[in-house]
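# A look at the structure
Read off the chains here:
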Amino acid sequence: MKLDARVTAVTNVRVLDPVAETLSAPTTLRFNGDRIASVGTEPGPEETVLDGEGRIASPGLIDCHVHVLANSPDLGSLGDESPAYLTACAIRTMQGALRRGFTTLRDAGGADFGLARAAAEGLFVSPRLFFGGKSLSQTGGHADMRAPGSALVDNHQCCPHIGMVCDGVDEVRRGARQQFRTGADHLKLMLSGGVASPTDRVDSTQFSDSEIIAAVEEARAANRYVLGHAYTARAINRGLRLGVRSIEHGNLLDEETVRLFVEHDAFLVPTLVTYQRLKADGARLGLPAASQAKVDDVLHAGLGALRLADRGGVSIAYGSDLLGEMWEHQSREFEIRAQVQSAGAILRGATTTAARLLQAEGELGVLAEGAFADLVLLEANPLDDITVLARPEETVRSVISRGALVAD
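## Topic: the pairing of strand β8 (residues 61-66)
- The element β8 is largely enclosed, with a buried count of 6 among its 6 residues.
- Where β8 meets strand β9 (residues 102-107), 4 bridges bridge the pair, whose relative direction is parallel. Within the sheet, the bridge partner assigned to Leu61 lies in β9 and is Phe102.
- In this fold, the crossover linking β8 to β9 by way of helix α1 (residues 83-99) has right-handed handedness.

Structure representation (structure tokens):
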């Protein structure tokens, strides 16, 4: 994938506002580098212009739960791979997301400061990448990928595991400080069991209260936040009460969970498409048998949890959590959510709500003066039918990232 051209203006586009759920009259967006300089001002004769031909200009999409280094659903094998090889895989993965209109990704475990720096410096064409480094897991937790008979664990930063094992308050603090030392945008904690890990139950709770509080304190000290992997209401509710800002998955939440989300102004990031694909493709692509057996524990509850959270006024952001070849289904999350959410709510989840979660409100997820020049030109209006975004090969005409045309 190459950088096609830096443009300074896009003319004849109807700007989509995800909050007001409106389209503007045909107008012009002018750029100054990677920022939007103006909306509605005509370009000068010396500017490099892209004619939108009346298409819809949507803010670039944001996926808040990805693992760009995970080239296989067998997450336990990642630590044995070459970091150079996984970086090459990540570049391909990120560029595929960009072609689908995702101009920003939040990595939920694995991506490090080097990959984020290379993306930011333009060493390869890429979405913006918010990274957290390694997730923190207790022994036997969701990011402890050792089989029951294995005793060795390697927390070295250069090994491409998605997480590091920490036990006790001091180790959690040290692990958190290590991630923030590298410039991490957030910190991930494993608050419950999960599908891809070999030795924990989905319904387990992980880390003690004091360990969770220590991680939250370290994140706040760094002006960052904690996201927590959690499925059950027991695990989610404990995390929310202790200061976790973003809950990933949340398939088994309850009414009390919804109240706590609203009370603490926290975010839910469902990832429904990944369970569909793990069920359909997991065995073929290397998902271990123990993990295959756990998929059904969460697969069928996700839509009900999403409906409950949506009706309760929870801030819900877009996430996919796909692994390896399953990445090609990234946009299908729009289609799944359409069964229970309105088009506007789903679109805000991938734009303005996601931007608030990423602490980039006003810069990402909107097309306005001063915002980043990240946008997608669409052939159809997602406010009329959000599922058009599930078919990017038909709907996405052009993608502009950092003020440059990267896909057309």
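Resuming the write-up.
## Re the packing of aromatic side chains
- All chains considered together, the criterion is met by 4 aromatic pairs.
- Considering the side-chain rings of Tyr318 and Phe334, the 4.5 Å spacing of their centres and the 35° angle between planes classify their relative orientation as tilted. In this pair, Tyr318 sits in the loop between β17 (315-316) and α11 (332-337) while Phe334 sits in helix α11, placing the two residues 16 residues apart along the sequence.
- Phe334 gets classed as buried once you look at its relative accessible area, which sits at 0%.

## Concerning the packing of helix α5 (residues 233-241) against helix α6 (residues 255-264)
- Running from N to C, α5 and α6 cross one another at 20°; their axes reach a closest spacing of 10 Å. By the criterion of interaxial angle, the relationship of α5 to α6 is roughly parallel. α6 is crossed by α5, and the crossing has left-handed handedness. On the side of α5, the interface is formed by Ala233, Ile236, Asn237, Leu240 and Arg241, while α6 contributes Glu256, Thr257, Leu260, Phe261 and His264.
- Grouping the constituent residues of the contact of α5 with α6 by class yields 5 nonpolar, 3 polar and 2 charged.

## Re empty space enclosed by the protein
- The final tally for this structure, using the stated rule, is 3 cavities of 30 Å³ or more.
- Size it by volume and the second largest cavity reaches roughly 50 Å³.
- The wall of the second largest cavity is formed by Pro59, Gly60, Ile62, Thr103, Thr104, Leu364, Gly365, Val366, Phe372 and Asp374.
- Tallied by class, residues from the lining of the second largest cavity come to 5 nonpolar, 4 polar and 1 charged.

## A closer look at the environment of Met164
- Of note, Met164 is situated in strand β12 (residues 163-165).
- Note: C-alpha distance between Met164 and Arg92 (72 residues apart in sequence) is 25 Å.

## Comments concerning the pairing of strand β14 (residues 226-232)
- Where burial is concerned, most of β14 is hidden: 7 out of the 7 residues are buried.
- Both β14 and strand β15 (residues 246-252) contribute to a ladder of 5 bridges, which runs parallel. Across the sheet, the residue bridging to Gly228 is Ile247, located in β15.
- Remark: the β14/α5/β15 crossover connection has right-handed handedness.

## Details of the side chain of Thr274
- Residue placement: Thr274 occurs in helix α7 (residues 272-281).
- With near-sequence residues (within four places) excluded, Thr274 lies in contact with Ser320, Asp321 and Leu322.

## So, the nonpolar core
- Among the nonpolar cores identified, the biggest contains 95 residues, and Val68, Leu115, Leu136, Ile247, Phe261 and Phe334 are the most heavily contacted of them.
- The residues touching Ile247, leaving out its near neighbours within four places in the chain, are Leu191, Gly228, Ala230, Ile236, Leu240, Phe261, Phe267, Leu268 and Val269.

## Digging into the packing of helix α3 (residues 169-181) against helix α4 (residues 209-221)
- Where α3 contacts α4, the axes come no closer than 9 Å and their chain directions differ by 25°. Here α3 is positioned roughly parallel relative to α4, judged by the angle of their axes. The two elements α3 and α4 meet at a crossing, and its hand is right-handed. Taking contact as the criterion, the partners of Val169, Val172, Arg173, Ala176, Arg177 and Phe180 in α3 are, on α4, Ser210, Glu211, Ala214, Ala215, Glu217, Glu218 and Ala219.
- Along the lines of polarity and charge, the residues of the contact of α3 with α4 split into 7 nonpolar, 1 polar and 5 charged.

## Things to note about α7
- Burial runs high along α7: 7 of the 10 residues are buried.
- Those residues of α7 that sit buried are Leu272, Val273, Thr274, Tyr275, Arg277, Leu278 and Asp281.

## Details of unusual backbone geometry
- For Asn12, which is not glycine, the phi torsion reads 55° and is therefore positive.
- Under the relative-accessibility criterion, Asn12 is labelled partly exposed at 31%.
- Although it is not a glycine, Asp265 adopts a positive phi angle of roughly 50°.
- Along the polypeptide, Asp265 turns up in the loop between α6 and β16 (267-269).
- Judged by relative accessible area, Asp265 falls into the partly exposed class, the value being 49%.

How each quantity is defined
- Residues numbered from 1 in each chain as written.
- Predicted model: local features only at pLDDT ≥ 70, side-chain atom pairs only at ≥ 80, totals over all residues.
- Heavy atoms only, no water.
- Buried < 20%, exposed > 50% of the residue type's maximum accessible area, 1.4 Å probe, protein only.
- Helix = DSSP H or I, 4+ residues; strand = E, 2+ residues; numbered from the N terminus.
- Pairing = 2+ DSSP bridges.
- Right-handed = clockwise from strand over helix to strand, strands pointing away.
- Phe/Tyr/Trp six-rings, centres within 6.5 Å; stacked < 30°, edge-to-face > 60°.
- Axes fitted to C-alpha atoms, helices over the stretch in contact; angles between N-to-C directions.
- Parallel < 35°, antiparallel > 145°, perpendicular 65-115°, else oblique.
- Left-handed = near helix turned anticlockwise from the far one by under 90°.
- Contact = heavy atoms within 4.5 Å.
- Nonpolar A, V, L, I, M, F, W, Y, C, P; charged D, E, K, R; others polar.
- 1 Å grid on protein atoms, 1.4 Å probe; cavity = no way out; pocket = protein on both sides within 12 Å on 5 of 7 lines; lining within 4 Å.
- Points joined across faces, edges and corners; volume = space filled by probe spheres on them.
- Core = buried A, V, L, I, M, F, W, Y, C linked by side-chain atoms within 4.5 Å.

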